[in-house]
Structures are given as C-alpha cells and as structure tokens.
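A closer look at the structure
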Amino acid sequence: MTIPLTPFMWCVAILPIVFLLGTMILLNWSASKAAPLALAIAVISALLIYRSAPIAILSESAKGLWNAAVILAVVWPAIFIHELYVEGNAYNSIKIGMEKVSKHELIQLIIFGWVFPSFLQGVTGFGVAVAVGAPLLVGIGVAPFWSVVIVLLCHSWGGTFGTLSIAWQALLTETQIGGETAAATALVACLIIWAHNFIGGFALCWFYGKAKALREGLPVSLLVSAIQGGGQLLLAQVNHTVACFLPACISLLAVILLSKTEKYGKAWSLADSRIMVRHGEEQNESAGVLTFAQSLFPYILLTVIAVTVLLIPPVHALLSQWTIGFPFVETVTGYGYITKAEDCFSPLTPFTYAGTVLILTSAAGCLFFKRRHCIEPGGFARISKKTLIKTVPASIAITSLLIMSKMLGSSGQIYVLAQGVAQALGKEYVIVAPLIGMLGSFITGSNMSSNILFGNFQMTTARLLELPLSSLLGAQTAG
C-alpha cells in the first residue's frame, strides 16, 4: 500500500504551512501564536488522513522536543548576555570607545553599521545586531531610517552561521546530512552569502556618498568582505560553529587597525551626505563604569573558549568523547510509509556545544560585571525577567515548528508535497529553491525557522528530481 498522490492529499499536506503563513501575513499573528495551531493541524492530518499511529505522534514529538532543547540552550544564554550588556550600559562604553578609534566618518559607519553588528550576529542573533547597531548609527548622526536599512543589509550575511551556527545546525538536524554532503552544502551557501556580503558593504558606501564615498571606502569594503565572506567559507569546512563569529571578530580588529593608518586615521566626512543628520556640535558622553576593553571582556572570553574548544584538535577530540542522544523505534503509517529506527537520535556533545560555551560566558560576564559594580541592585532580576519575556515566545515557536516538521516528515506529508512540486516544476525547481528559503525567513523572521520549516521538503524534492542535494539546501539557507 502507498500514499495516494491525489490533489486532496496534497492540499491536506500543505494546509499546516498555508495556515502558518496565512495567519502571520494576513492576520499579523506572531509565530508563537500561529505555530502551535499549525502543529495541531499537522497532528490531526497525520492521524486522520495519513493514518499515522499514536506511537509515531509521541515519538516525533519527543524528537522535536529534544531538537528544540538543543537549540534553545543557545538562544537563552545569547539573549541573556545581550540583556546583561544593556543593564550594565556596556554598549555605550563600546560606542564611545569605537568613536575614539577613528574620526573618519565612513570608517565609523562601517564599524557601527557592518562589522560590529556582524560581530553581535555571530554570537547572539535574534535581532540583537539590529537592536544595538541601529541606535549606535543614530548616535553618530545617521538618520533613523538609514540606520535600520544599513544594519539590516550589512549584518544579514551572518544569518546561517551566526549565533554560533544555530540556523545551520537546524538544517543539519532536519535533513540529517553530514560528511561530504554537508561540506558541499556549506560551500554553496557560503559562496552565495559572500556575494551578498560584498553587496552590503558596497551599498553602505553608496548610501553615504555615492561614487565619492565608494572610492574612499572600497579598499576597506574589499578587505572586510574578504575576511568575513572568505573566512566563513573556509571555516565552514573546518568547524561551522565559529564560521561567522571568528571572521566577524577578525574583521572588527582589521578595521580598527586600518583606522590607525595615514589614510583612515584622519578626520574625513561628506557634508552633503543624504543619510546624515547634522546637529552641530557633538555632546560629550560619559562611558560610565566600564572602559572600552572591559566592556568587551565577555566577548573576548567567548572567543578564547570557542577557539580553544573547537579549533585545537587534541582539546576538541578529548571533549567530543561524551555524547548524549536517545533511541527511537521504527514507525509505519497505515499507508506503509516508514520512519526508520534511531539508535542515537541527533547526538549532542555537551563539552563542545555552542550552548555550553555561551552559558560559561554568561556566568563569567555576570561575575565580571558585578565585580566592576556596573549592575545596580535588582539588576540581575531585571536581566532574567527581560530574557524570559524575549525568549519564551521564541521558544514556543521553535518547539512547535520543530515538532510540526517532524510530524509532516514521518507521516509522509512532506513526501506528498515534494511529489506534487516535482511533477509540476520538474528540473526548473532549482530556480525556486532559494525563493522558498527566502519566503520562510521573511514570514517567520528567522533563517533557522525557515530551515526547520522547509529543509526536509527541499531535501525530498532534490531526491525526487535527482537534483544536487547540496545545491538546493545551500540555496535554501542562503535564500
């Protein structure tokens, strides 16, 4: 017995996705509200139409919960560190320190609009780069509209491998690819992302002063893009966890060093720049309790731990010996669609895990900020409360999407969807693949959520059409 490939079955399979996207677009629902209901639809469809067994529902729910726990253990400490910086006024110390680095206005724009948001994206993600970067640009005189546009454009190259590679890990988790296939997928994705990275730097200069600013800033843009895009491409083949974070760190250091050269160390600006709002004399600001170097301490510590644990082979090999995973039995639907048994599903190595690194960093940051007396009484309670407010909705959405994706896959609904698309588009589907990734990210607001939602679908379609799997999955996450 096989699943009937009828229009009705295809419509049932796509219904949870249509509901999710429709409620978010037309009704402006949040993902935390729409995703659980979409999951409920997927479960009902699996049980009543696709003849999944109750044991399969429980099994796939458990898989989704485990995958969600692995991802959320990165999300929570990442947001906690951001709130720690807000409470300790550390971002203001960073801003004042960066402004002292160079009086060259275009270099300041590149730092606050591109390299520092990219640095934040590498370790935090979830909108922190924009939430911090855009106000920093406003603080040096950039119009609010242009501040948002510049940061959104210039930091988004880190969407896949940022937040210590959480979106990439979500794609690997959904598709269960590894080895040469994963390396080839990373290569495709990084090549596309590198092109976008260069365009972002080019656009920043053009927005500031068109051809004149482009001539002035092109050497810096080329260097930053080579470090970020090229560095990510190389590191993604070695250790994807730091593929964005480490190049972002190096690019920040490189721009600081460039600002000490004769060309970029002097004052330079364009009085007629369309993106700047001139207010006359600048007001001096107090950096507060922390110096520039002290404000960077948690991130410096994060870099040291990550490099030591992930990039030094003997240390990495030693810490990778212990893994955590769970076995799952084989399940079969009433139509004979099989989900194979797993001896150790999605194993986690806790001592080399990005979440562990972030948890250690957040703990050390708390101790350091407390000793520097930059957290007011009740500050840690406020940090925890703000972290909860920001992460609970994201946690609900991520968990629901992961379980829904598992449910659609194990019941055969993803297979039916892919069959319908394959029959309708054939080999031309390769043109649509990046647009699917783009749609998922645009609607859910997350590269990771898009990979969770459509990763398995892209993989199944690639196999049905005998298209290169690495090309479609790379296009998915880059899109």
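Report on the accompanying structure. Given the structure is predicted, the values throughout are model-derived calculations rather than measurements.

**Some words on the pattern of salt bridges**
- Within this structure, the stated rule accounts for five salt bridges.
- R382 is the partner of E87 in a salt bridge, and the nearest nitrogen-oxygen pair spans 2.7 Å. Of this pair, E87 sits in helix α3 (residues 54-87) while R382 sits in helix α15 (residues 379-410); the two residues are 295 residues apart in sequence, bridging distant segments of the chain.
- Note that K406 is salt-bridged to E174, the shortest N-O span being 3.9 Å. Highlighted residues: K406 in helix α15 and E174 in helix α8 (residues 162-175), separated in sequence by 232 residues.
- A relative accessible area of 9% means that K406 is categorised as buried.
- Given a relative accessible area of 5%, E174 falls into the buried group.

**Observations concerning the packing of helix α10 (residues 245-258) against helix α12 (residues 297-311)**
- The geometry of α10 relative to α12 is characterised by a closest axis approach of 11 Å and an angle of 130° between their N-to-C directions. In terms of axis orientation, α10 runs oblique to α12. Once α10 is placed against α12, the crossing between them reads as left-handed. Here F245, L246 and C249 of α10 come into contact with α12, specifically with Y299, L302, T303, V307 and L311.
- Residues of the contact of α10 with α12, tallied by class, amount to seven nonpolar, one polar and no charged.

**Digging into the packing of aromatic side chains**
- Summed over the entire model, instances satisfying the criterion amount to 19 aromatic pairs.
- Judged by centre distance (6.3 Å) and plane angle (50°), the rings of F198 and F202 are tilted. Of the two residues, F198 and F202 are both situated in helix α9 (residues 179-235); the distance of four residues between them amounts to about one turn of the helix.
- On the basis of relative accessible area, F202 is assigned to the partly exposed category, the value being 34%.
- Through successive ring pairs, a cluster of aromatic residues spans Y85, Y91, F116, F119, F245, F297, Y299, F368 and F369.
- Cation over ring: K33 sits above W29, and NZ or CZ is 4.3 Å from the ring centre.
- For the cation-ring pair, K63 lies above F345, with the distance from its terminal atom to the ring centre recorded as 5.5 Å.

**Some details on the state of the cysteines**
- Following the criterion strictly, the structure yields zero disulfides and no others.
- Here C366 stays free of any disulfide, with the sulfur of C374 as its closest cysteine sulfur at 10 Å.
- Its relative accessible area of 15% is what places C366 among the buried residues.

**Considering the packing of α3 against helix α14 (residues 354-371)**
- Packing of α3 against α14 brings their axes to within 8 Å, and their N-to-C directions diverge by 25°. When the axes of α3 and α14 are compared, the pair comes out roughly parallel. Between α3 and α14 the crossing geometry is left-handed. Contacts between α3 and α14 pair A73, V74, P77, A78, F80, I81, L84 and Y85 from the former with A354, G355, L358, I359, T361, S362, G365, C366 and F369 from the latter.
- Residues that form the contact of α3 with α14 fall into these classes: 13 nonpolar, four polar and no charged.

The rules we used
- Residues numbered from 1 in each chain as written.
- Predicted model: local features only at pLDDT ≥ 70, side-chain atom pairs only at ≥ 80, totals over all residues.
- Heavy atoms only, no water.
- Salt bridge = Lys/Arg side-chain N within 4 Å of Asp/Glu carboxyl O.
- Helix = DSSP H or I, 4+ residues; strand = E, 2+ residues; numbered from the N terminus.
- Buried < 20%, exposed > 50% of the residue type's maximum accessible area, 1.4 Å probe, protein only.
- Axes fitted to C-alpha atoms, helices over the stretch in contact; angles between N-to-C directions.
- Parallel < 35°, antiparallel > 145°, perpendicular 65-115°, else oblique.
- Left-handed = near helix turned anticlockwise from the far one by under 90°.
- Contact = heavy atoms within 4.5 Å.
- Nonpolar A, V, L, I, M, F, W, Y, C, P; charged D, E, K, R; others polar.
- Phe/Tyr/Trp six-rings, centres within 6.5 Å; stacked < 30°, edge-to-face > 60°.
- Lys NZ or Arg CZ within 6 Å of the ring centre and 35° of its normal.
- Disulfide = S-S within 2.5 Å.

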